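# Close look at the chain arrangement
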Amino acid sequence: MIKAVLFDMDGVLYDSMSGHVQAWYETMSAVGVQSDPDDFYLFEGRTGYSTIDILFNRNFGRDATEEEKKSIYARKTQRFVELNAQSKPMPGALEVLEKIRQAGLKRIIVTGSGQSALFDNLDAHFPGYFDKNLMVTAYDVKFGKPHPEPYLMGLKKANLHADEAIVVENAPLGVESAVAAGIFTIAVNTGPLPDQTLWDAGANALYLSMQVLAENIEKHIQ
Ligand code: MG
């Protein structure tokens, strides 16, 4: 029996991925690192530091130093805040949350994001839908997605077994993480990547938007 839904945040609850991609692309270009905007959709879910290392290795054949990682990630975070992308709730997200609340299921956040005002921001846009104690953020995890750690931690915080929950994810690495944690995973393809990348990551179901998921969520929570 399903008792909870674990939600990724960016690209699921917020229409924020274009802001992340722009902030990453501009920040990396400014330090002489070449990248393609689609890279950041493919890397979505990774920790910021591991994203920087992948691009450093591709460009310079080495990891970034701790100093470089710290300053690049700070700059990217600042640019993301300037772009104000965390203020656009994803169309359909509220409807999905309301149906889940009406069904009496818990709502849990599992995000790689580490913004300081993350809970307050969520509670402002989705008032009363989330519990501060039922969140996994960048501050909780060591490995990050695609490792199963973040989703396993989400289950643990809510005292659930994998078969008592479902996941809603938009990113290939997020889907991989949730599937590796043994949880039924619904992919919502809100970005520019082909659907096949989400199926290849192991998605159990796929919808093209949160609005379409809202129309179909009953099927997955009964
Ligand atoms: Mg996401």
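Residues numbered from 1 in each chain as written. Predicted model: local features only at pLDDT ≥ 70, side-chain atom pairs only at ≥ 80, totals over all residues. Heavy atoms only, no water.

### Brief notes about helix α7 (residues 149–157)
Listing the buried residues of α7 in full gives Glu149, Pro150, Tyr151, Gly154 and Leu155. Of the surrounding elements, those touching the buried residues of α7 are β1 (4–7), β2 (106–110), β3 (135–136), β4 (165–169) and α8 (172–180). At the exit of α7 stands Asn159, carrying a positive phi of roughly 60°. (Buried < 20%, exposed > 50% of the residue type's maximum accessible area, 1.4 Å probe, protein only. Helix = DSSP H or I, 4+ residues; strand = E, 2+ residues; numbered from the N terminus. Contact = heavy atoms within 4.5 Å.)

### Overview of the domain arrangement of the chain
The assigned domain composition of the chain is domain 1 (4–16 + 87–221) and domain 2 (17–83). Here the C-alpha centroids of domain 1 and domain 2 sit 23 Å apart. Taken together, the contact between domain 1 and domain 2 spans 18 residues of the former and 13 residues of the latter. Across the domain 1/domain 2 interface, buried area totals approximately 1200 Å², and carbon plus sulfur atoms make up 57% of it. Broken down residue by residue, the surface that domain 1 buries against domain 2 is led by Ser16, Leu173 and Leu193, which jointly contribute 36%. (Domains from an automatic or database assignment. Buried area = accessible area lost by both parts, 1.4 Å probe.)

### Observations regarding the coordination of the magnesium ion
Every protein donor of the magnesium ion is listed here as Asp8 (OD), Asp10 (O), Glu44 (OE) and Asn170 (OD1), and their distances to the metal cover 1.9 to 2.2 Å. Judged by relative accessible area, which is 7%, Asp10 ranks as buried. (Donors = N, O, S within 2.8 Å, 3.2 Å for Na, K, Ca; no water.)

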